[in-house]
Amino acid sequence: MINKISESLQAAVSDIHDGATVMIGGFGNAGMPAALIDALLEQGARELTIVNNNAGNGDTGLAALLKAKRVRKIICSFPRQVDSHHFDALYRAGEIELELTPQGNLAERIRAAGAGIGGFFSPTGYGTLLAEGKETRLIDGRNYVFETPIHADFALIKALRGDRWGNLVYRKTARNFGPVMAMAAKCTIAQVVEVVELGELDPEAIVTPGIFVQRVVPEGKQA
C-alpha cells in the first residue's frame, strides 16, 4: 500500500544532509512551509544551498535558518527588503554566497529541471552583470542569455490538502513555486494543512500529482 504520510515533521526532514540543495516554496510568507523549516533548523543540517524567491523575512522561517548560519549559498530573485536583516548581515560579512536570478528566470530554471530541459534562452538580464560568463545568442533580432536548470536534492513546500498518495491542492496564491519545485527535486516533502482520504480530492483540482511527492506531513504533527 502506498502511504507517503510521514510520522512527524522531524521524521520528514531527518535525512536532509549537510551540503544539500534545498528548494523552499513561498512568496514571502505566502506558501512558506514554516513548520518544515523549523524542523530542519532543529535537525541541524549545515552548509545548505537554498533556492527560494527571497532571502527571509524578519526572524522566522527561512530567516531563522540564515540566522543560525546553516546556509552556505542562496539562489533567489529578491534578497533585500525592509526586514531581511539576517541576510544583509551575512552577505556584508562575506559569510553567504548569493546567486541573483530574475524572478521569471528563477521559476523557469526550476521548471526546466523538472521537465528535463537542458536550459533555455531568455532576454532577461542581457547586457547586465547577471549575464557575465553566460552564453548569449541573437535570435530574430533580439539578444538572449542562456540559463541553466536548477535541480535540488530536496524541496520543502506547503499545500492546503494532500492524500496518502501525495496528491496536492493549494490555497490560492500560496501555490506559487510549489508545483515547479516539486518536479525539480529528488525528494519533495509537502507540509499540508489537512490530510484527506483517497478520493476526496477532485482529480480535476489536483495541481501536483503524487508522482512528484515523496512525503506528506500535517503541519502540526510533532515527534
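Here, every reference points to the structure presented above.
Just so you know, these numbers come straight off a predicted model, no measurement behind them. (Residues numbered from 1 in each chain as written. Predicted model: local features only at pLDDT ≥ 70, side-chain atom pairs only at ≥ 80, totals over all residues. Heavy atoms only, no water.)

K.L.:
I'm lost on the overall build of the protein chain in this one. Help?
P.N.:
Of the regular secondary structure elements, the protein chain holds six helices and 11 strands. For the protein chain, the residues scored as buried account for 49% of the 223 residues in total. Here the contacts in the protein chain between residues at least 6 apart in sequence split such that 74% fall between residues at least 24 apart. For the protein chain, the exposed area adds up to about 10,600 Å²; of that, 51% sits on carbon and sulfur atoms. When the 23 basic and 25 acidic side-chain charges of the protein chain are each reduced to a single mean position, those positions are 2 Å apart. (Helix = DSSP H or I, 4+ residues; strand = E, 2+ residues; numbered from the N terminus. Buried < 20%, exposed > 50% of the residue type's maximum accessible area, 1.4 Å probe, protein only. Contact = heavy atoms within 4.5 Å. Areas by Shrake-Rupley, 256 points an atom, 1.4 Å probe, with all protein chains shown as cover. Lys, Arg positive; Asp, Glu negative; His and termini not counted. Charge placed at Lys NZ, Arg CZ, Asp CG, Glu CD.)

K.L.:
Is there a simple way to think about the pairing of strand β10 (residues 185-195) in this case?
P.N.:
In the case of a regular strand, side chains alternate between the two sheet surfaces. Summarising the sheet, strand β8 (residues 152-162) and β10 pair through nine bridges and their orientation is parallel. Considered in β10, the bridge of Leu156 is made with Ile189. (Pairing = 2+ DSSP bridges.)

K.L.:
Please clarify how helix α2 (residues 34-43) should be interpreted in this entry.
P.N.:
Every α-helix winds through 3.6 residues per turn, so residues three or four apart in the chain are directed the same way. Buried within α2 we find Ala35, Leu36, Ile37, Ala39 and Leu40. Backbone geometry just downstream of α2 places Gly44 in the positive-phi region, at approximately 105°.

K.L.:
Can you help me understand helix α5 (residues 103-115) in this one?
P.N.:
Taking 1.5 Å per residue as the helical rise, α5 with its 13 residues ought to reach 18 Å, and the 18 Å between its terminal C-alpha atoms agrees with that figure. Gly116 lies just past α5 and shows a positive phi near 75°. (Expected span 1.5 Å × (residues − 1).)

K.L.:
Where do I start with the nonpolar core in this structure?
P.N.:
Most often, soluble globular proteins have nonpolar side chains that are buried together. Counting residues in hydrophobic clusters, the biggest one holds 31 residues, and the most contacted among them are Ile16, Val22, Leu48, Ile50, Leu156 and Ile189. Counting residues per element, this core draws most heavily on α2, at five residues. Non-local contacts of Ile50, meaning those with residues more than four positions away in its chain, are made with Val22, Ile24, Leu62, Leu65, Val71, Lys73, Ile74 and Ile75. Among the nonpolar cores identified, the runner-up in size contains 23 residues, and Met23, Val180, Ala182 and Ala185 belong to it. (Core = buried A, V, L, I, M, F, W, Y, C linked by side-chain atoms within 4.5 Å.)

K.L.:
Please explain the sheet that holds strand β6 (residues 136-139) as it appears in this structure.
P.N.:
Two orientations exist for strands paired in a sheet by backbone hydrogen bonds: parallel and antiparallel. The three strands lie next to each other as β5-β7-β6, forming an open sheet whose pairing is antiparallel. Edge positions in the sheet fall to β5 (120-122) and β6, since each of these pairs with one other strand and no more. Taking each pair of neighbouring strands and ignoring which way they run, the sheet shows an average axis angle of 40°. On top of the sheet, α5 reaches β5 and β7 (142-147); it is set at about 170° to β5, its chief contact. (Axes fitted to C-alpha atoms, helices over the stretch in contact; angles between N-to-C directions.)

K.L.:
Looking at this model, I keep getting lost on unusual backbone geometry. Mind explaining?
P.N.:
The bulk of non-glycine residues show a negative phi, and the bulk of peptide bonds are trans. Positive phi, close to 55°, is recorded for Glu47, a residue that is not glycine. If you trace the backbone, Glu47 turns up in the loop between α2 and β2 (48-51). Here the phi dihedral of Lys69 falls at roughly 60°; this positive angle occurs in a residue that is not glycine. Structurally, Lys69 can be placed in the loop between α3 (62-67) and β3 (71-76).

K.L.:
Teacher, can you tell me more about the pairing of β6 here?
P.N.:
Summarising the sheet, β6 and β7 pair through four bridges and their orientation is antiparallel. Paired with Arg137 across the bridge in β7 is Tyr144. Between β6 and the antiparallel strand that follows it, β7, lie two residues; Asp140 among them carries a positive phi value of about 50°.

K.L.:
Whenever I open this one, the packing of aromatic side chains confuses me. Can you help?
P.N.:
This structure, assessed with the given rule, holds two aromatic pairs. Ring geometry for Phe87 and Tyr91: centres 5.5 Å apart, planes at 20°, overall stacked. One end of the pair, Phe87, and the other, Tyr91, are both in helix α4 (residues 85-92), four residues apart, so they sit about a helical turn from each other. Here Phe87 falls in the buried class, since its relative accessible area comes to 2%. (Phe/Tyr/Trp six-rings, centres within 6.5 Å; stacked < 30°, edge-to-face > 60°.)

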